[in-house]
Structure formats: structure tokens, C-alpha cells
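Structural characterization, general
The primary structure of each chain is shown beneath.
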Amino acid sequence: GALTPGMSLSIMVEFCTNEYNYFEDFIKIHCEGGNNLVIPLHAYPVLDMASFPKQISFSNTPVCKSVCKKVKLTSPLPVDFLFRLQYSGHPSLSVVPTSGIIPGQGSVELKVTFCPTEYITANGSFDLVVQQYDNPVYRCSLTGTSQPGAEKDLVLESESLAMPSLSNVRKTQKQTDPV
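Here goes a summary of the coordinates provided.

Rules used in this analysis
- Here the residue numbering is sequential within each chain, running from 1 through the sequence in written order.
- Selection of residues for local features in this predicted model requires a pLDDT of at least 70, selection of side-chain atom pairs for listing and counting requires 80 or more, and totals for whole chains, interfaces and linings are taken over all residues.
- The side-chain figures draw on all heavy atoms in the structure; neither hydrogens nor water molecules are used.
- Numbering of helices and strands runs from the N terminus, with a helix taken as a DSSP run of H or I at least four residues long and a strand as a DSSP run of E at least two residues long.
- We get accessible surface area from the Shrake-Rupley algorithm with a probe of 1.4 Å; when it comes to residues, only the shown protein chains can shield them.
- Only one rule defines a salt bridge in this text: a Lys or Arg side-chain nitrogen within 4 Å of an Asp or Glu carboxyl oxygen.
- We call a residue buried when its accessible area falls under 20% of the maximum for its residue type, exposed when it is over 50%, and partly exposed in between, using a 1.4 Å probe and counting protein chains only.
- Classification of ring pairs uses Phe, Tyr and Trp, with its six-membered ring standing for Trp, and accepts pairs whose centres are within 6.5 Å; under 30 degrees between planes counts as stacked, over 60 as edge-to-face, and the remaining range as tilted.
- In this description, strands pair whenever DSSP reports at least two bridges between them.
- Comment: axis = line fitted to C-alpha atoms, over the contacting stretch for helices; angle = value between 0 and 180 degrees taken between N-to-C directions.
- Patch membership needs two things, relative accessible area over 30% and no salt bridge, and members are linked within 9 Å if like-charged or within 5 Å if nonpolar (Val, Leu, Ile, Met, Phe, Trp, Tyr).
- Two residues qualify as a contact provided that any one of their heavy atoms is within 4.5 Å of a heavy atom in the partner residue.
- Pairs of N or O atoms within 3.5 Å make up the polar contacts considered here, provided that, within protein, one atom can donate a hydrogen while the other can accept it, and that residues adjacent in sequence are counted only when both atoms are side-chain atoms.
- For this analysis, a nonpolar core means a set of buried residues of the types Ala, Val, Leu, Ile, Met, Phe, Trp, Tyr and Cys, connected via side-chain atoms within 4.5 Å.

A few words now on the overall build of the chain. Across its full length, the chain holds 2 helices and 10 strands. Secondary structure elements of the chain occur, N-terminal to C-terminal, as β-β-β-β-β-β-β-β-β-β-α-α. For the chain, the accessible surface area stands at approximately 12,900 Å², while carbon and sulfur atoms represent 54% of it.

Encoded structure:
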């Protein structure tokens, strides 16, 4: 039908495929006076990176102790995706691997490590680029702290986990005491 100036027409384009390829097409709108409008359409597989962390924090870590956190990159599609990352920040923080392949219907883990060599609050970030048609960049900020007393806190925490509570000790004594 014909549209007068100022009016609009909404259309919905549905696309379904059984192949994981790049597809392109266009919609051509014919206008009076020969001023035709071409609207390009593109379809391609992409990774869902909704679960990619925007920030990773390391709590109080003893000097010269290494703490590692893992970030899993997964492709539910039967398509491999190349990735690369660029880290910038304090040398106490690191991320490996810096490039690789996310296998189709598989995953790869990034290891983010904090190993302070002095009492410090270290900051950094890395940009992850997944090589797909729209080439998005995902940024993750990193923060790690090391303060005096971290070693003591670690020992106290491990001892409190290993020591039974007083009520459990009393229950055990009652069960083993002769009546």
C-alpha cells in the first residue's frame, strides 16, 4: 500500500536456519520518484556473553601467596570462536591465556591470578575480544588487596574450620561417658 508523509508501517522479519553461517539479504522499498530505499539484513552466530564478569575482586591476600580465579568461556554452538585479550594494570595481577579458541560446543578457562609482592591495592583490567562479525569488546576490572595481617587471618580462618564447636564436643563426651 501507499504511505503518506509522516505515516509509518511496522514489519516483522523472521529468520530460521539449520546452518551456522553468515547470511545477508535486504529489503528494498520502492518510492515514487525513483528514490528507492535499501535496508540491509545480516544474520550470523554469536556468543552469549551475559555471564561474563564485569569485575573480579581478590580479598586480603598474604604477600607472595598466589590466588587464582577462573572465568569460563563457553560456546553452545557447533562453531569455534577465536578470542584474544589485552591486560593493562599492576604486574601483581595477570590473566592467561591471552589468546586461543573457544571450541564449538565446548569451553575454555581464563585464569586470573593475584600474587602481591608487597602490601598493596592493585588495579587492572582486561579487554576480551571475541572474533565474530560484530567484534564486541568485553571489559573486566580487577582489584586485589594485600594488607598486614592477611597471613594471620588465613591461619585463624583455617583453624576455625578445623576446630569442632564446643557444643559438638560436649555431645560427643555425653555419648562416650559411662552412665
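Further remarks concern the pattern of salt bridges. Enumeration according to the criterion identifies 2 salt bridges in this entry. Here Lys70 makes a salt bridge to Glu109, at a shortest N to O gap of 3.9 Å. You can see Lys70 sitting in strand 4 (residues 67-75) and its partner Glu109 sitting in strand 8 (residues 106-114), a full 39 residues away along the chain. On the accessibility criterion, Lys70 (53% relative accessible area) is exposed.

Tallying each qualifying case throughout the model produces 5 aromatic pairs. Taking the centre distance of 6.1 Å and the plane angle of 20° together, the rings of Tyr22 and Tyr44 count as stacked. Of the two residues, Tyr22 is situated in the segment before strand 1 (23-29) and Tyr44 in the loop between strand 2 (37-43) and strand 3 (55-58); the sequence distance between them amounts to 22 residues. Taking relative accessible area as the criterion, Tyr44 reaches 29% and is therefore assigned partly exposed.

The strand order 3-10-9-5-7 describes an open sheet built from 5 strands, whose pairing is mixed. This sheet does not close on itself; its edge strands, each paired only once, are strand 3 and strand 7 (99-102). Strand after strand, the sheet turns through a mean of 25° between neighbouring axes, direction not considered. As defined by bridge partners, strand 5 (residues 81-89) adjoins strand 9 (residues 120-131) across 8 bridges and the pair is classed as antiparallel. The residue of strand 9 that forms the bridge with Ser88 is Ser125.

A separate point is a nonpolar patch on the surface. A cluster of nonpolar side chains, Leu3, Met7, Leu9, Ile11 and Val13, forms an exposed patch at the surface whose accessible area comes to about 530 Å². We classify Val13 as partly exposed; its relative accessible area is 48%.

Time to look at the environment of Asn123. Counting through the fold element by element, Asn123 comes out in strand 9. Take Asn123: its relative accessible area is 47%, and that puts it in the partly exposed class. For the pair formed by Asn123 and Ser57, sequence separation is 66 residues and the distance between their alpha carbons is 9.4 Å. Setting aside residues up to four positions removed in sequence, Asn123 forms contacts with Tyr87, Gly89, His90, Leu93, Leu142 and Thr143. A polar contact is formed between the side chain of Asn123 and the side chain of Thr143, at a distance of 3.3 Å.

We now examine the nonpolar core. Among the nonpolar cores identified, the biggest contains 26 residues, and Phe52, Leu73, Phe126 and Leu128 are the most heavily contacted of them. Of all the secondary structure elements, the ones that give two or more residues to this core are strand 3, strand 4, strand 5, strand 6 (93-96), strand 8, strand 9 and strand 10 (137-146). If we skip the residues at most four places from it in the chain, Phe126 touches Phe52, Leu85, Gln86, Tyr87, Val95, Leu110, Val112, Tyr138, Arg139, Cys140 and Leu142.

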